[in-house]
Amino acid sequence: MNVRRPHISGIALAAVTAVGIGTLSACSSDSAAAGNTDKFDVVASFYPMAFLAEQIGGDHVKVTSLTEPGQEPHDLEISARQRAQLEDSDAALYLKGLQPSVDEAIGQSGLDTKIDAATLTKLEDHGDVEHDHEGEGEEAHSEEEGHALDPHVWLDPVKYAEIAKGVGTAFEKADPDHAADYKKNTEALVKKLGELNTEFADGLKDTRSKVFFTNHSAFGYLAERYGLTQEAITGVDPDSEPSPARMKELQKEARADGVTTVFYETLVSDKTAKTLADDAGLKTDVLDPLEGITDKSKGDDYFGVMEANLAALKTALGAQ
């Protein structure tokens, strides 16, 4: 059996944190019994990370997501079984600051390769909305004002492409036998994300309004990228309740900025969005933060859902 060992040179890259030198576990007896001796086993924290691992890894990886389809990732609590699964894997791919339970479990694990997507692009503070920070890790907050750094970078195709490049580099170093394929797959994914960015830029360039309302503030990076303004009913936490003052403020803004639509999402309740829409005489529609793919998703994968999001934004904003 050909047991892979991590390359120590270059592991100091931000993409990879080495916590010990030892053999990777892809050829353990359990995985051998499952026929996975040639697989690079990756545990991903939630859908956007799992999608990257699958696209970049191709046939060489076996990807398992810690967040089940339909489960709200912010609420995830890691089970003992999942902790054991982490220990038996070759790598973990996660986004520090989004899921405190995942951050803790991966930090305490003995994994050789830990890939934190938050280190592969620049997180920003979109903290101009109400947000309860209770229970979040310190890393999720900016030092200046105490706001949460926005983790929703995958909704900006440009930032997602930056992360993809870092993940590709990490895979190449952790599993050098398949480095050429990882490099090729990463380049193809980055190219496709570039094309998606062009579609969004062209589609949202000329619109009657630049303001859109969302259930929670997942779309700050997307708005910033394409010259739009996101107004969220709640903050980064989709389960927090807006104040009555916030609801009145949004009703006034809807009239002032020609807002037509309040967007809600598939994994959390639409009650607050529909209340605001009813009070302000607005329509409702889905803008998917892509935290998971379910039967309700308007697309089978990241690109399909992003295309649906673009179509919804063009309609709501009155694209010319």
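Whatever comes next refers back to the structure up there.
Described below are features of the structure shown in this document. Please read all numbers here as calculations on a predicted model, not as lab measurements. (Residues numbered from 1 in each chain as written. Predicted model: local features only at pLDDT ≥ 70, side-chain atom pairs only at ≥ 80, totals over all residues. Heavy atoms only, no water.)

**Digging into helix α6 (residues 179-203)**
Since the α-helix advances by 3.6 residues per turn, residues separated by three or four positions end up pointing in the same direction. Under the 1.5 Å per step criterion, the end-to-end length of α6 is 36 Å for 25 residues, consistent within 8% with the ideal 36 Å. Taken residue by residue, α6 has A179, Y182, N185, T186, L189, V190, L193, L196, N197, F200 and G203 as its buried positions. Here the buried face of α6 lies against β1 (40-44), α2 (47-57), β2 (61-65), α5 (157-174), α7 (220-225) and α10 (302-317). (Helix = DSSP H or I, 4+ residues; strand = E, 2+ residues; numbered from the N terminus. Expected span 1.5 Å × (residues − 1). Buried < 20%, exposed > 50% of the residue type's maximum accessible area, 1.4 Å probe, protein only. Contact = heavy atoms within 4.5 Å.)

**Let's talk about the side chain of S209**
Of note, S209 is situated in the loop between α6 and β7 (211-214). On the basis of relative accessibility, which here comes to 4%, the residue S209 falls in the buried class. Not counting residues within four places of it along the chain, the set of residues in contact with S209 comprises D257, G258 and L317.

**Things to note about the side chain of S89**
If you trace the backbone, S89 turns up in the loop between α3 (80-87) and β3 (91-94). Here S89 falls in the buried class, since its relative accessible area comes to 9%.

**Section: the packing of α2 against α5**
Where α2 meets α5, the closest approach of the two axes is 10 Å, and the angle between their N-to-C directions is 55 degrees. What the angle tells us is that α2 and α5 run oblique. Here α2 and α5 pass one another in a crossing that is right-handed. Residues P48, F51, L52, A53, I56 and G57 of α2 form the contact with α5, whose participating residues are Y160, I163, A164, V167, G168 and F171. Partitioned by chemical class, the residues of the contact of α2 with α5 number 10 nonpolar, 2 polar and no charged. (Axes fitted to C-alpha atoms, helices over the stretch in contact; angles between N-to-C directions. Parallel < 35°, antiparallel > 145°, perpendicular 65-115°, else oblique. Left-handed = near helix turned anticlockwise from the far one by under 90°. Nonpolar A, V, L, I, M, F, W, Y, C, P; charged D, E, K, R; others polar.)

**Section: the packing of α5 against α6**
One way to put it is that α5 packs onto α6 with a least axis distance of 9 Å and a crossing angle of 180 degrees. Classed by the angle they form, the pair α5 and α6 counts as roughly antiparallel. Where α5 abuts α6, its residues P157, V158, Y160, A161, A164, K165, G168, F171 and E172 lie against A179, Y182, K183, T186, L189, V190, L193, L196 and N197. Within the contact of α5 with α6, the residues separate by chemical class into 12 nonpolar, 3 polar and 3 charged.

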